[in-house]
Amino acid sequence: AHFCAPWAYGGDRKAAMEFFAATVIGNPSSIDPVGYKKGGGRGVKPGRDQGTANDLSVVTELVKYDTETGYARVAIQICPKKYLDKQDENGSSSTQTFDLELLLWDDDEVVNVRCAARDRPTAKQGSWSLSYVDGFSFSKNTARDVAESVRVALGW
């Protein structure tokens, strides 16, 4: 398990949930995991093509939405457009599906977040990063990148 810090929003819960739905469902192109559309995100990714906003297919579906309980679940499908409708040698698709769940507490501005990939990452999926603490590391935690891209799109 990987920790993801709670998000914070301003205003009331219902307005925040409506804003979330309008942003994620109404403008799925604002979701940019690992900075794909910006040409690489957190540093240079060896062996990875730099992309543009038109190179990545992002499809979102609001699976559950309840303003009374403050719960929302969205399915997010991400695939580079050049791999749409294509399969690799094992018959697998390049499309990754993530479930993003939000829980907004009543009378609080904190959002609890959970994002998980439906499929196990392949050897080709992941990103290199450099930090003072870990040095060079390879992360397959694309779900964290998806959640962070949603947070950035929301401005929370």
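Residues numbered from 1 in each chain as written. Predicted model: local features only at pLDDT ≥ 70, side-chain atom pairs only at ≥ 80, totals over all residues. Heavy atoms only, no water.

Student: Looking at this model, I keep getting lost on the overall build of the protein chain. Mind explaining?
Tutor: Across its full length, the protein chain carries two helices and seven strands. Ordered by position in the sequence, the α and β elements of the protein chain form the string β-α-β-β-β-β-β-β-α. In the protein chain, which comprises 156 residues, the proportion classed as buried is 36%. Of all intrachain contacts in the protein chain linking residues separated by at least 6 positions in sequence, the fraction that spans at least 24 positions is 53%. Surface summary for the protein chain: the accessible area is close to 9,500 Å², and the carbon and sulfur share equals 51%. (Helix = DSSP H or I, 4+ residues; strand = E, 2+ residues; numbered from the N terminus. Buried < 20%, exposed > 50% of the residue type's maximum accessible area, 1.4 Å probe, protein only. Contact = heavy atoms within 4.5 Å. Areas by Shrake-Rupley, 256 points an atom, 1.4 Å probe, with all protein chains shown as cover.)

Student: Would you explain the nonpolar core in this entry?
Tutor: Generally speaking, soluble globular proteins have nonpolar side chains that are buried together. Counting 25 residues, the largest nonpolar core has Trp7, Phe20, Ile76, Leu100, Val111, Val150 and Trp156 as the members making the most contacts within it. When residues of this core are traced back to their parent elements, those giving at least two are α1 (13–26), β3 (71–80), β4 (96–104), β5 (110–117) and α2 (142–154). In terms of residue count, α2 provides more of this core than any other element does, five residues in total. Excluding residues within four positions of it along the chain, isoleucine 76 makes contact with Ile31, Val58, Val59, Thr60, Gln96, Thr97, Phe98, Leu100, Val146 and Val150. (Core = buried A, V, L, I, M, F, W, Y, C linked by side-chain atoms within 4.5 Å.)

Student: For this particular structure, what's the right way to read the pattern of salt bridges?
Tutor: Any two side chains of opposite charge can pair if their charged atoms end up close together. Taken as a whole, this structure holds three salt bridges when the rule is applied. In this structure, aspartate 99 and arginine 118 form a salt bridge, with 2.9 Å as the shortest nitrogen-oxygen distance. On the criterion of sequence distance, the pair formed by aspartate 99 in strand β4 and arginine 118 in the loop between β5 and β6 (127–131) is long-range, its members being 19 residues apart. The partner of glutamate 101 in a salt bridge is arginine 114, with the nearest N and O atoms 2.7 Å apart. A residue pair is termed long-range when its members are at least 10 positions apart, and glutamate 101 in strand β4 and arginine 114 in strand β5 qualify at 13 residues. When its relative accessible area of 18% is taken as the criterion, glutamate 101 is described as buried. Judged by its relative accessible area of 44%, arginine 114 falls in the partly exposed class. (Salt bridge = Lys/Arg side-chain N within 4 Å of Asp/Glu carboxyl O.)

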